[in-house]
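Inside the fold
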Amino acid sequence: MLDPVVFGTFSLHLHKRRLLREDQPLLLGARAFDVLAALVQHAGELVSKDQLFEWVWPGRVVEENNLQVHVSTLRKLLGAELIATVPGRGYRFTGVVQAPLALNSAFAAAATTQSDAQTHTAASRSIAVLPFANMNGQAEQEYFSDGIAEDVISHLTRSPWLFVVARNSSFTYRHSNASAAQISKELQVHYVVTGSVRRLQDANGEQRVRVSAELLDGLRNETLWAQRFDSPITDLFSLQAQIAAQIVSAIEPVALRREEQRALQTPSCAASPAQVKHWDLLMQARWHFWRSTREHLQTSQELLQQSLQEQPGSSASSALLAFVHMSRVWAGWAPDPRATLQE
């Protein structure tokens, strides 16, 4: 589906993760955004609850109440008539989806409309995932290597810290010999992910798949992270999701750590021990927050309170702590909901 997706007075920018009404941004949590994106991209179709759980909370056990809360939030924001409930089955987006006014990628559009300072900030946290090379050389096997790269893009897009280039843009470099520096310049991104996929057969005749992935700093033309995954093939589609999740779990912290180091090394930001500790605590808290369980949310809250002791007034820590409080209330885990909301 093209980006942005327009319906009524709203426009949904999938890769910038923004929802606008009459060109004005609306505040929408990450999970609610993912639910809306799933429904809009299947407009007119029944989307089951199981599908939404798989797409929005992959690999996690989540209570149905969480989904209902996000749907309720969307109805209040968009209007109740745009999301219909199919009793006992799921939801259907009933809005009329229009073609976007411009076909340029969200990233390119943002780059041409923002100020130079804003563009630099966006680019410094931007990443492109190139199509993974099919090392078997068989065209019929390309779907698997493409599927892994697409899953990596999908997982990275959920990060509120990163700007991810659309697949249609990054996949134009499928057979390109361009360097990471050149691709980085042309796509206006800082980081580039490359990889390869090979299907093998071991001595026992068992089919296996070997995936290599690499994270490159395009501005410096250097490798930041590289890893190889070697697994038996039992279910190709399950394996795609498993490998993509492992790649993303390694890529995202490395990319963010590099950004932290870059920011702390600039003249305007002294690398004090308190700042370093604050970032470390914030990253830990964020990891726990996205696990969405009662125990993880409690741990996230404790880590955020420690991070605010290191750097009082931190907007990043304060914002995430607010989401922790709201999540505990939504899930029914707050001992005193009124006090928690006030906090």
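Structure report, in brief. (Residues numbered from 1 in each chain as written. Predicted model: local features only at pLDDT ≥ 70, side-chain atom pairs only at ≥ 80, totals over all residues. Heavy atoms only, no water.)

On to the nonpolar core, then. Counting 30 residues, the largest nonpolar core has F7, L12, L19 and L36 as its most contacted members. Elements that contribute at least two residues to this core include exactly β1 (5-7), β2 (10-13), α1 (30-40), α2 (49-56), α3 (64-78) and β7 (90-93). Looking at this core, the element that brings in the most residues is α1, giving eight residues. (Core = buried A, V, L, I, M, F, W, Y, C linked by side-chain atoms within 4.5 Å. Buried < 20%, exposed > 50% of the residue type's maximum accessible area, 1.4 Å probe, protein only. Helix = DSSP H or I, 4+ residues; strand = E, 2+ residues; numbered from the N terminus.)

Our next topic: the pattern of salt bridges. Summed over all chains, the structure comprises six salt bridges. With a shortest N-O distance of 3.7 Å, R208 and E206 are connected by a salt bridge. Overall, the relative accessible area of 35% leaves E206 in the partly exposed class. For R208, the salt bridge goes to D230, with nearest N and O atoms at 3.2 Å. With a gap of 22 residues between them, R208 in strand β13 (residues 207-217) and D230 in strand β14 (residues 222-232) connect regions that are remote in the sequence. Each of the salt bridges in this network shares a partner with another, and the network as a whole consists of E206, R208, R210 and D230. (Salt bridge = Lys/Arg side-chain N within 4 Å of Asp/Glu carboxyl O.)

As paired elements, strand β5 (residues 46-48) and β7 share three bridges and run antiparallel to each other. Paired with L46 across the strands is R92, a residue of β7. Both strand β6 (residues 83-86) and β7 contribute to a ladder of four bridges, which runs antiparallel. Paired with I83 across the two strands is F93, which belongs to β7. Where β6 hands over to β7, the hairpin turn is made up of three residues, of which G88 adopts a positive phi near 75°. (Pairing = 2+ DSSP bridges.)

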